[in-house]
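Listed below, chain by chain, are the residues.
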Amino acid sequence: MILPGSTIGILGGGQLGRMLAVAAAQLGYRCHVYSPEKDSVAAEVSAKFTCAEWHDRAALSAFAQDCAVVTYEFENVPVAPLAAIPVELLAPGTRALEVAQDRLSEKRFVEDLGGRPAPYAAVDADEELQAAVERVGVPGILKTRRDGYDGKGQWRLASPSEAAGVRVPGDGLVYEGLVRFEAEFSVILVRGRDGAVRFWDSPHNVHAGGILASSTLPAPAIVAQQVPAARKLAQAIAEALGYVGVLTVEFFATAQGPVFNEMAPRVHNSGHWTIEGALTSQFENHVRAICGLPLGDTATVAGRVEMANLIGDVPHVAELLSDPAAHLHLYGKGEAREGRKMGHVTRLG
Ligand code: AMP
């Protein structure tokens with residue numbers, strides 16, 4: 001057990017790290033953030049900050065010496081340099097990163113566990129693209145295998161001719177058929193060091209332009225019906241990975257049942273509502289899990305919960321707070337840019 005007073009290392013310096021550090025502080029832990037970007041909104045609320053490149057093994061090793069446990073708030077941390085960190089310090093383990101960093105291995109991994117992703121084809125070279133689009137059919141979405149997030153690295157194709165001229169990057173692409181879904185939802189679970197698993201209620205997630213716009217509970221009936229099967233798959237993923245911490249799996253609810261979209265080996269935007277909307281938040285339970293503490297109750301505390309992201313320009317703060325039911329979270333990011341997550345508002349009702 002890693003006791004309060006110890007230092008938790010967080011790889012990545014964004015808002016997820018910030019909210020993790022706040023939850024860790026409440027339990028009496030100190031956080032040490034490692035990020036290549038010097039403007040880190042997580043470092044701002046943490047005891048220590050190492051600003052160094054992901055490939056700087058000496059910096060990673062020195063960072064690890066200061067930490068009792070090391071976790072991630074960003075799933076695209078390069079895995080090879082993490083060999084500089086003693087393996088017993090990392091929670092979750094790097095296998096979860098390896099799987100989630102590559103859309104192709106993620107889909108294959110999930111299929112092996114009985115899950116069903118959207119129809120897809122791997123595209124490793126320019127000359128494979130046309131055949132892949134024809135095999136899967138249109139409409140569909142071309143996605144980079146690596147480094148995509150918030151709809152980045154994705155192109156929608158309405159006809160096979162739109163694939164002409166696309167250059168396949170070195171890491172390859174995946175072409176996915178467009179899923180006709182009734183709703184999107186996520187399974188958010190936490191798994192402790194002893195293998196205990198708890199689930200939060202699954203929110204109904206609405207995306208705009210590939211970015212999460214809102215998460216609402218209770219989710220519509222079609223989601224509620226598909227949650228048991230989705231949870232079974234998410235738990236199988238966690239167990240196959242020997243996972244410790246919060247794991248998020250995103251699904252499409254379709255007329256044919258749940259379709260796996262993607263997984264995140266970390267706390268997730270669709271779980272931000274748990275800060276006020278659940279007895280124990282995803283952030284606190286992630287800290288409890290990686291530190292080997294008993295997990296907190298994940299029950300939802302209100303009949304209705306809505307989390308809305310603040311993307312790009314932040315509306316006037318006084319106006320937002322004129323609704324006394326609004327819980328405002330601002331991430332402290334200096335510059336508002338199109339598509340940038342600046343904060344979120346949660347309302348319980
Ligand atoms: P992703 O980053 O792959 O989760 O994509 C972001 C969002 O784009 C998803 O949450 C969906 O709203 C949409 N999307 C991605 N892939 C598909 C697909 N194969 N079919 C339908 N919608 C998709």
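Residues numbered from 1 in each chain as written. Predicted model: local features only at pLDDT ≥ 70, side-chain atom pairs only at ≥ 80, totals over all residues. Heavy atoms only, no water.

Participant: I'd like to hear about the packing of aromatic side chains, residue by residue, with values.
Facilitator: All chains considered together, the criterion is met by six aromatic pairs. A ring pair is formed by W54 and F74, whose centres lie 6.1 Å apart and whose planes are at 15 degrees; its orientation type is stacked. On the criterion of sequence distance, the pair formed by W54 in the loop between β3 (48–51) and α2 (57–65) and F74 in the loop between β4 (69–72) and α3 (94–100) is long-range, its members being 20 residues apart. Judged by relative accessible area, which is 13%, W54 ranks as buried. Chaining the aromatic ring pairs together yields one cluster made of Y34, W54, F63 and F74. Positioned over the ring face of Y120 is K107, at 5.7 Å from the centre of the ring. (Phe/Tyr/Trp six-rings, centres within 6.5 Å; stacked < 30°, edge-to-face > 60°. Helix = DSSP H or I, 4+ residues; strand = E, 2+ residues; numbered from the N terminus. Buried < 20%, exposed > 50% of the residue type's maximum accessible area, 1.4 Å probe, protein only. Lys NZ or Arg CZ within 6 Å of the ring centre and 35° of its normal.)

Participant: An account of the sheet that holds β3 is needed here, citing residue identities and associated values.
Facilitator: Reading across from one edge, β3-β2-β1-β4 is the order of the four strands in this open sheet, with parallel pairing throughout. What marks the edges here is a single partner per strand, and that holds for β3 and β4. Neighbour-to-neighbour, the strand axes of this sheet turn through a mean angle of 20 degrees, independent of strand direction. In this sheet, strand β2 (residues 30–35) lies alongside strand β1 (residues 7–11) in parallel orientation, the contact comprising five bridges. Its bridge partner lying in β2, L11 is registered against Y34. The strands touched by α2 are β1, β2, β3 and β4; relative to β2, the strand with the most contacts, the crossing angle is about 175 degrees. (Pairing = 2+ DSSP bridges. Axes fitted to C-alpha atoms, helices over the stretch in contact; angles between N-to-C directions. Contact = heavy atoms within 4.5 Å.)

Participant: Hey, could you go over the sheet that holds strand β6 (residues 140–144) for me, with residue numbers and the actual values?
Facilitator: Taken together, the four strands give an open sheet; going across it, the order is β5-β8-β6-β7, and neighbouring strands pair in antiparallel fashion. Two strands in the sheet have a free side with no partner beyond their single neighbour: β5 (120–123) and β7 (154–157). In this sheet, adjacent strand axes meet at a mean angle of 20 degrees when their direction is disregarded. Pairing of β5 with strand β8 (residues 173–177) involves four bridges; the strand directions are antiparallel. Bridge assignment links A121 to a residue of β8, and that residue is Y175. Strands in contact with helix α4 (residues 103–112) are β5, β6, β7 and β8; relative to β5, the strand with the most contacts, it is inclined by about 140 degrees. On the sheet, helix α5 (residues 129–136) packs against β5, β6, β7 and β8 and is oriented at approximately 175 degrees with respect to β5.

Participant: Account for a nonpolar patch on the surface, naming residues and giving values.
Facilitator: A cluster of nonpolar side chains, namely V314, V317, L321 and L330, defines an oily patch on the protein surface of about 270 Å² accessible area. Relative to the assigned elements, L321 resides in helix α9 (residues 317–321). (Patch = residues over 30% accessible without salt bridge, like charges linked within 9 Å, V, L, I, M, F, W, Y side chains within 5 Å. Areas by Shrake-Rupley, 256 points an atom, 1.4 Å probe, with all protein chains shown as cover. Salt bridge = Lys/Arg side-chain N within 4 Å of Asp/Glu carboxyl O.)

Participant: Any details on the confidence of the model for the protein? Residues and values, ideally.
Facilitator: The predicted model of the protein averages 96 in pLDDT, with 100% of residues at 70 or higher. The least confident element of the protein is β7, whose mean pLDDT is 91; the most confident is helix α8 (residues 282–290), at 99. (pLDDT = per-residue confidence, 0-100.)

Participant: Before we move on, can you summarise the pairing of strand β15 (residues 305–311) with the specific residues and values?
Facilitator: Most of β15 sits inside the fold, with five of its seven residues counted as buried. With four bridges connecting them, strand β12 (residues 211–217) and β15 associate as antiparallel partners. Of the residues in β15, the one forming a bridge with S215 is M307. Inspection of the sheet shows β15 paired to strand β17 (residues 341–348) by seven bridges, in the antiparallel sense. Within the sheet, the bridge partner assigned to A308 lies in β17 and is V345.

Participant: Report on α2, specifying residues and quantitative values.
Facilitator: Looking only at α2, the buried set comprises A59, L60, F63 and A64. Buried residues of α2 fall within an arc of 135 degrees about the axis and therefore sit on the same side. α2 presents A58 and Q65 as exposed residues on the side facing more than 90 degrees away from its buried surface. Buried residues along α2 sit in contact with β1, β2, β3 and β4. (Arc of directions from axis to C-beta.)

Participant: Give a detailed account of the side chain of H268, specifying residues and quantitative values.
Facilitator: Along the polypeptide, H268 turns up in the loop between β14 (257–264) and α7 (274–277). Given a relative accessible area of 8%, H268 falls into the buried group. Leaving out residues up to four positions away in the same chain, H268 has contacts with T248, E250 and Q282.

Participant: Could you give an account of the packing of helix α1 (residues 15–26) against α8, naming the residues involved and the relevant values?
Facilitator: Here α1 crosses α8 at 65 degrees, and the two axes come no closer than 8 Å. Comparing their axes, α8 and α1 come out roughly perpendicular. Here α1 and α8 pass one another in a crossing that is right-handed. Across from L16, M19, L20, A23, A24 and Q26 in α1, the residues of α8 making contact are F283, E284, H286 and V287. For the contact of α1 with α8, the class distribution of residues is seven nonpolar, two polar and one charged. (Parallel < 35°, antiparallel > 145°, perpendicular 65-115°, else oblique. Left-handed = near helix turned anticlockwise from the far one by under 90°. Nonpolar A, V, L, I, M, F, W, Y, C, P; charged D, E, K, R; others polar.)

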